[in-house]
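Structural overview
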Amino acid sequence: MLRQEPDPAVPARPRLAEGVQVHPPSAEGALWIIERPGSYMRVGADLAKLAGALDGARDHAQLQSYLGAQWTGESLAYALGQLKRAGLLDDGLRKPRRVRWVKYVPPLTLQVTLLRPDRLLTACAPLFAALAKRGWGLVAAVLALGGLAGLALMSGTLIDTLSGPLPMPVYAGVAVATYAVIVLHEFAHAAVLTYYGGRANRMGFMLLYLLPAFFCDVSDGWRLAERRQRVRVALAGAATQFVAAGSASLAALFTPGSDLRTGLLVFSALNYGSGLLNLLPFIKLDGYLALMSHLDIPDLRKRAMIDARRYTAKLLFGGRYERELPQVRWAVPYGLACQLFPIYLVGGLALSLWGDLLQSFGVAGTVALLVVVGLLIGRLCHGFVVRMREARQAGAPAWRAALVTLAVAGGVAALLALVQVPYSVSGGYRYHAGRADLVLTTDPGPDVLKTGATVRLLRNGVVFKERVGTARIAGTQAREISVPVSVLLPVRTDRELPGTVSGYPLEVTTAPPDSQGVARIEAGHRPLGVWLYRTYVSAAW
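Per chain, residues are indexed from 1 in the order of the written sequence. Local features in a predicted model are, by the rule used here, given only for residues with pLDDT of at least 70; side-chain atom pairs are given and counted only at 80 or more, and totals for whole chains, interfaces and linings are based on all residues. Side-chain numbers come from the whole structure's heavy atoms, not from hydrogens or water.

Topic: the nonpolar core
Where we set the bar: Only buried residues count toward a nonpolar core, which is a set of Ala, Val, Leu, Ile, Met, Phe, Trp, Tyr and Cys residues joined through side-chain atoms within 4.5 Å. Summary of the burial criterion: residues with accessible area below 20% of their type's maximum are buried, those above 50% are exposed, and those between are partly exposed, where the area comes from a 1.4 Å probe applied to protein chains only. Runs of E in the DSSP output that reach at least two residues are strands. Runs of H or I that reach at least four are helices, and both are numbered from the N terminus. Between two residues, a contact is recorded if the distance between any of their heavy atoms is within 4.5 Å.
By size, the foremost hydrophobic cluster in this structure holds 21 residues, and its most contacted members are I34, L50, L54, L76 and L83. Sorting the residues of this core by element identifies helix 1 (45-52), helix 2 (60-67) and helix 3 (73-85) as the ones contributing at least two each. Leaving out residues up to four positions away in the same chain, L76 has contacts with L50, H60, L63, Q64, L67 and W71. Of all hydrophobic cores here, the second largest spans 20 residues; its members include A144, A238, L265 and A269.

Topic: a nonpolar patch on the surface
Rules: Patch construction takes residues with relative accessible area above 30% that form no salt bridge. Like charges are linked within 9 Å, and nonpolar side chains (Val, Leu, Ile, Met, Phe, Trp, Tyr) are linked within 5 Å. Areas reported as accessible are Shrake-Rupley estimates using a 1.4 Å probe. Residue values count occlusion only from the protein chains shown. Basic side-chain nitrogens of Lys or Arg form a salt bridge, by our definition, when they fall within 4 Å of a carboxyl oxygen of Asp or Glu.
A cluster of nonpolar residues, W101, V102, Y104, L110 and L207, forms a patch on the protein surface that exposes about 470 Å² of accessible area. As for its position among the elements, V102 is in strand 4 (residues 102-105).

Describing the pattern of salt bridges
Summed over all chains, the structure comprises 19 salt bridges. Between R42 and D296 there is a salt bridge; the shortest N-O distance is 2.4 Å. Of the two residues, R42 sits in strand 3 (residues 39-43) while D296 sits in the loop between helix 11 (286-295) and helix 12 (300-317), which places them 254 residues apart along the sequence. Overall, the relative accessible area of 25% leaves D296 in the partly exposed class. Between R435 and D437 there is a salt bridge, with the nearest N and O atoms lying 3.7 Å from each other. Look at the salt bridges and you will find they share partners, linking R303, R309, R310, E324 and E390 into a network.

Some words on the environment of S293
Structurally, the position occupied by S293 is in helix 11. Separated by 178 residues in sequence, S293 and A471 place their C-alpha atoms 55 Å apart.

Section: the packing of helix 8 (residues 168-195) against helix 9 (residues 227-253)
We count it as follows: Geometry is summarised by axes, namely lines fitted to C-alpha atoms with helices restricted to the contacting stretch, and by angles between N-to-C directions that run from 0 to 180 degrees. When the near helix sits turned anticlockwise from the far one by under a right angle, the crossing is termed left-handed; a clockwise turn instead gives a right-handed crossing. Gly is placed with the polar residues, together with every amino acid not listed as nonpolar (Ala, Val, Leu, Ile, Met, Phe, Trp, Tyr, Cys and Pro) or charged (Asp, Glu, Lys and Arg).
Interhelical geometry of helix 8 versus helix 9 gives an angle of 145 degrees and a closest axis separation of 8 Å. As helix 8 runs across helix 9, the sense of the crossing is right-handed. Contact residues: V181, I182, L184, H185, A188, H189, V192 and L193 in helix 8; R232, V233, A234, A236, G237, A238, T240, Q241 and A244 in helix 9. Partitioning the contact of helix 8 with helix 9 into residue classes produces 11 nonpolar, 5 polar and 1 charged.

Focus: the side chain of R526
Just so we agree on the cut-off: Distance and chemistry together define a polar contact, namely a pair of N or O atoms within 3.5 Å, with one atom able to donate a hydrogen and the other to accept it when in protein, and with adjacent residues in sequence counting only for side-chain atoms on both sides.
Here R526 is to be found in strand 16 (residues 516-527). On the accessibility criterion, R526 (14% relative accessible area) is buried. Separated by 2.6 Å, the side chain of R526 and the backbone oxygen of A523 make a polar contact. Non-local contacts of R526, meaning those with residues more than four positions away in its chain, are made with V419, Q420, V421, Y423, D447, V448, W531 and R534.

Next up, the structure:
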């Protein structure tokens, strides 16, 4: 970073902003910590002494006298400017901080605080100390690894289970148990942090890139002196999920074929999968916190993404830039991965898992899909604009910025117009007594809903959707019909959907073994732009 000049707007008698605290080193050789609600800054003893003296009673001359001869007027002004730019000084403009129960974290996370657990965790500290013994760690490792071996032994049964619908009680039980374990996951972070002397500030529910989850604020872990302690705090949640998943898998080994065994298998697979997802270091989850703690580099992801942004800006527009992490050789590729992974997580994983389900819920579902896609496109455009703005500030010529912008716009236009992608519309099917109906909650248009169009019949599995039959549309005259919930959701139940839906006659060419499931109308190929419009815009409109 370039050295900044002293800030002339620093108050004559500076004082710390409300809620800012100065913490002494937690161990010999550790740094001091300046805490602002929600963030922590490591500083040396001199800057910590200055921060501790900012009570609003001393002017600059008195501060310089208090701090000692090694502080010059210029160094004091520069240090105060740093504290001001970090938001640590009271500028008289900020209103007193209120407890924020709802917090938006860019780019796509919304947190709702439900609990401030410090008192509860302090009361449970003796229990945490007992569980921290080495023997319990060995038991946890045996359960987690043994469960993986159990799933491998039952792999055939597991794939069949994940490829089919679940009985409604099993579906509900797995959902409740999974969210209960996720809550335990967050308490595990807080428990380990409490064991090492830190405190968990808040816990609650969040939408992480539009996916429901829970969170625990363990940023106080930066006060811990040892890296291994902070790494253990970060990994405690995933370890808890692996133990729960392993226990369920081992229990399923000794449970005869039943709904209980089905639920145990699905629960185990889902928790192993979500635990592994938590360990990926490209988004702000446990794996990233563990990596950042191990390397002892605050804001690793943010600073790596700045390096990646500046690297791509230099390639596109030119200019001169400084590195945020010059000591980390892999900062640029890591930053690029951090920028791209959320797009894959939402645009690839989430939409592939939830797209068909949301489309089947009619206008509400397609509007939700449109919002998600709009946010992704907006994020990409924002990234390009930020790069161009930073390039101009770094001395990139205007003609090159204009030329690159035109080239990118032309490339995007060519992709939208020339790239052909397969287009399909999802709904459901009902097959009973030789009669089959295509179930749709929206009108896909006459170019898709036409007599003779091919329809793939899929098993509505919890994770996988296996093709089990084929059919053709036998007529385009809709009729109002009542269908069970299992036509749209991966459950087995006779309970019917409230109201009616549109049904179209199907001519079955390959009979499916199930009486209902997912139906996908194959409508050929469309240019990418048309595909995006038809899939997300016109359906919602």
